[in-house]
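# What the coordinates show
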Amino acid sequence: MAVLKKFWLIAIFMPWRHSELYEESRTRGAGFKTFLLLTVLGLGFSLTSIVQAACGHFPAVPVILPLRLENYFVWQALLVVPWILLAWFLLVPPVRAAAGLAGLSGLSLRQVLVWLGLGFSSCLFWLWISHFLTAVLYVLGMSQKEWVDLVSRPGWFQTLYLVFMGLAVLSGLISLNLSLAGKKKKGKALLILVASSGFCLWLAALAVFLR
């Protein structure tokens, strides 16, 4: 349990060490630990979605999927874990192929799977913190209009919210760029493009569904 806890703490709070973390854990279930971490974070989103649904709230921004607003958080609670995991799995082959074309050959599917998963997990944690904060405010009695006003107006809450968003994006980008391009001297620009594109595609998949 202590080993798993250490793995998760490094995965979430030290994105610059993800490549090293994989090397240390590749023969000790790195893939399973990463899968478990993403699942737990997804369940965190599921829990906060249930809270928001129970409080009678609905997404404050336009939705893309054809789901009714009053039931959106219920569907999100049910589907967020498979949505996160499916997007993760689907991105592995194209990122591995693109990295190979950019000069980083010899990567195994497991290696790319873990690298992507670690970067995504760090990003997800910071996204979830803002989701959790929203759920707590709703439980304490804040209306959706009050929450929207609080987020929209410049001030401490908007700043805090933007900080969490910024940490989410930066942690994922730092992780994947250092994992894919950190040790390369030639073709680094192409690998940075591959890492950043893969991360942005995953963020886009989240943006389609997560509210």
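Above this text sits the structure in question.
Residues numbered from 1 in each chain as written. Predicted model: local features only at pLDDT ≥ 70, side-chain atom pairs only at ≥ 80, totals over all residues. Heavy atoms only, no water.

### Remarks on the pattern of salt bridges
Inclusion rule: A side-chain nitrogen of Lys or Arg and a carboxyl oxygen of Asp or Glu constitute a salt bridge if their distance falls within 4 Å.
Within the structure shown, the criterion is met by five salt bridges. Of the charged contacts in the structure, one is a salt bridge between Glu24 and Arg17, with a shortest N-O distance of 3.7 Å. Linked through salt bridges whose partners overlap, the residues forming this network are Arg17, Glu20 and Glu24.

### A word on the nonpolar core
Considering soluble globular proteins, one finds that nonpolar side chains tend to be buried as a cluster. Just so we agree on the cut-off: For this analysis, a nonpolar core means a set of buried residues of the types Ala, Val, Leu, Ile, Met, Phe, Trp, Tyr and Cys, connected via side-chain atoms within 4.5 Å. A simple rule labels every residue: compare its accessible area, found with a 1.4 Å probe on the protein chains alone, to the largest value its type can have, and call it buried under 20%, exposed over 50%, or partly exposed in between. Put simply, DSSP marks the helices as runs of H or I at least four residues long and the strands as runs of E at least two long, and each gets a number from the N terminus on. Contacts are assigned to residue pairs that have any heavy atoms within 4.5 Å of one another.
Counting residues in hydrophobic clusters, the biggest one holds 54 residues, and the most contacted among them are Leu116, Phe120, Leu124, Leu180 and Trp202. Tallying contributions element by element places helix H5 (residues 109–139) first for this core, with 14 residues. Excluding its chain neighbours within four sequence positions, the residues that come into contact with Leu180 are Val95, Ala99, Leu104, Leu107, Trp115, Leu191, Val194 and Ala195.

### Considering a nonpolar patch on the surface
In plain terms, the rule: Patch building starts from residues that exceed 30% relative accessible area and form no salt bridge, then joins like charges within 9 Å and nonpolar side chains (Val, Leu, Ile, Met, Phe, Trp, Tyr) within 5 Å. What sets the accessible areas is the Shrake-Rupley method with a 1.4 Å probe; for residues, cover comes only from the shown protein chains.
The grouping of Leu9, Phe13, Met14, Trp16, Leu170, Ile174 and Leu178 at the surface amounts to a nonpolar patch, some 650 Å² of accessible area in total. Taken together, the elements giving at least two residues each to the nonpolar patch come down to helix H1 (2–13) and helix H7 (156–181). Sorting elements by how many residues they give to the nonpolar patch places H7 first, with three residues. Looking at the element boundaries, Leu9 is found in helix H1. The class for Leu9 is partly exposed, based on a relative accessible area of 41%.

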